[in-house]
Amino acid sequence: MAKIKPRVKAPKSVAAGEVFTVKTLINHKMESGQRKDKAGEKIPRQIINKFEAIFNGTPVLTADLDPAISTNPFIEFSMKISEAGDLAFKWHDDDGSVYETSKSIAIG
Amino acid sequence: MKTLTKSTLMGGFLALSLGFAATAGEDSTLVVNGETPIPVRAAAPEGSPLPELFSGWVFRSVETQAMQADDFDNPGMIFVDQAWEAWSTPEGSAGKSCADCHGEPDSMAGLRATMPKWNAEAGKLYTLEDYINESRVKHMGAEPWKWSGAQMTGMTALISLQSRGATINVKTDGPVAEMYEKGKEIYYTRVGQLDMACSNCHEDNYGVMIRADHLSQGQTNGFPAYRLKNAKLNSIHARFKGCMKNIRARPYKEGSDEFRALELYVASRGNGLVVEGPSVRN
């Protein structure tokens, strides 16, 4: 599989208490475990099973993903903050790896 | 009975025309990232069998249209990012990368709008894929990429993106005239168990529903296209193959002379439209 690279879109700065949208996208094949290869062998499941968005150590959104989620999962959510800080994102893969990125958001 | 059938068909057609208008209102426009307007309609070039040219974007649902209007929402951009990395990664026996000869990818600006074109040195009609593989083999000493593989479609997407907004202007005369005629013949020849030609859908019936979907004019300005059905970028030849399978014909091979000729002819039908690739389609 090609290199996994998460993408996140969030505003650089927001007004305190303002509701803003965060969009995330990660390239991942999300192999469901239901398919068989040409030889009839089951292709083992490999999906992103958990997504987390954490702002200054406080979880904003935690989602358990299941095999029916499509390839290249796109997750969008809204939030508001009262202080500046770092919004950290984590995608947990079935194989144990965790893909991480973060964005700093300022108040202004 | 015959009259009844005809009126039912007429009724159906009218309803569908309205449906088409709802999806593709005269005023629907594509503005990428809220700042780059992309014209999706164009006056037909002289001698065109079409009254007006429409990008395939016009025929898609509002949601799909919106995905393409934002580079973040456009999943095709994932592959552009990957190709960007590949662009400056040395490969092959010469230890060179694309960047060593070509600099930044924006040196490719405008190229996509003229493809496919005659390569005098090779004495052959060249597509973008040919140019990429020639560079890989000749100058990098690397293995050629598969025609519709992820690396190839990613790279064609990166190169197409540099021409975003450029008006398609494919040459059809001179040394390529023969290929153009060949492509035209393929376009209008009925094949397969369903006995259909490209023109039956994409010229006679665009805007009409085919099962749950609107038929487009079959323009190539949005390629490589990210298709929601297979969640990856698709090359022009892969799409040709899909069409041929749908009409129960035996497809030509990707990269065959037949598909090159067809690509040239179909691209020339879009002369005047604007490069969109990588686009988002069903």
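In short, a report on the structure.

Calculation criteria
- One numbering rule holds for all chains: residues counted from 1, following each sequence as written.
- Whichever chain is written first becomes A and whichever ligand is written first becomes 1, with later ones labelled in order.
- Reporting in this predicted model follows two pLDDT cut-offs: at least 70 for local features of residues, and 80 or more for side-chain atom pairs to be given and counted; totals over whole chains, interfaces and linings ignore these cut-offs and use all residues.
- Note that the side-chain values use all heavy atoms of the structure and ignore hydrogens as well as water.
- A pair of strands is considered paired only if DSSP assigns at least 2 bridges between the two.
- Helix numbering and strand numbering both begin at the N terminus, where a helix is a DSSP run of H or I of at least 4 residues and a strand a DSSP run of E of at least 2.
- To get an axis, fit a line to the C-alpha atoms, keeping to the stretch in contact for a helix; angles then go from 0 to 180 degrees between the N-to-C directions.

## Observations concerning the sheet that holds strand β3 (residues 20-26) of chain A
All names here are of chain A.
Turning to step 1, where the next piece is worked out: Read from one edge of the open sheet, 3 strands run β1-β3-β6, paired in antiparallel fashion. Because the sheet does not close on itself, it has two edges, and the strands there are β1 (6-9) and β6 (74-79). Looking at each pair of strands side by side, their axes are set apart by 15° on average, direction ignored.
Turning to step 2, where the next piece is worked out: Note that β1 and β3 share 4 bridges and pair antiparallel.

## Details of the sheet that holds strand β4 (residues 48-55) of chain A
Residues and elements named next belong to chain A.
Turning to step 1, where the next piece is worked out: Read across the sheet, 5 strands follow the order β2-β8-β7-β4-β5 without closing on themselves; strand pairing throughout is mixed. Among the strands making up the open sheet, the edge pair consists of β2 (13-14) and β5 (58-64).
Turning to step 2, where the next piece is worked out: Relative to strand β8 (residues 98-107), strand β7 (residues 85-93) runs antiparallel, the two sharing 8 bridges. Within β8, the residue paired with Asp86 across the bridge is Ser104.

## Overview of the pairing of β8(A)
Turning to step 1, where the next piece is worked out: Two elements, β2(A) and β8(A), share 2 bridges in a ladder whose sense is parallel. Its bridge partner lying in β8(A), Ser13(A) is registered against Ala106(A).

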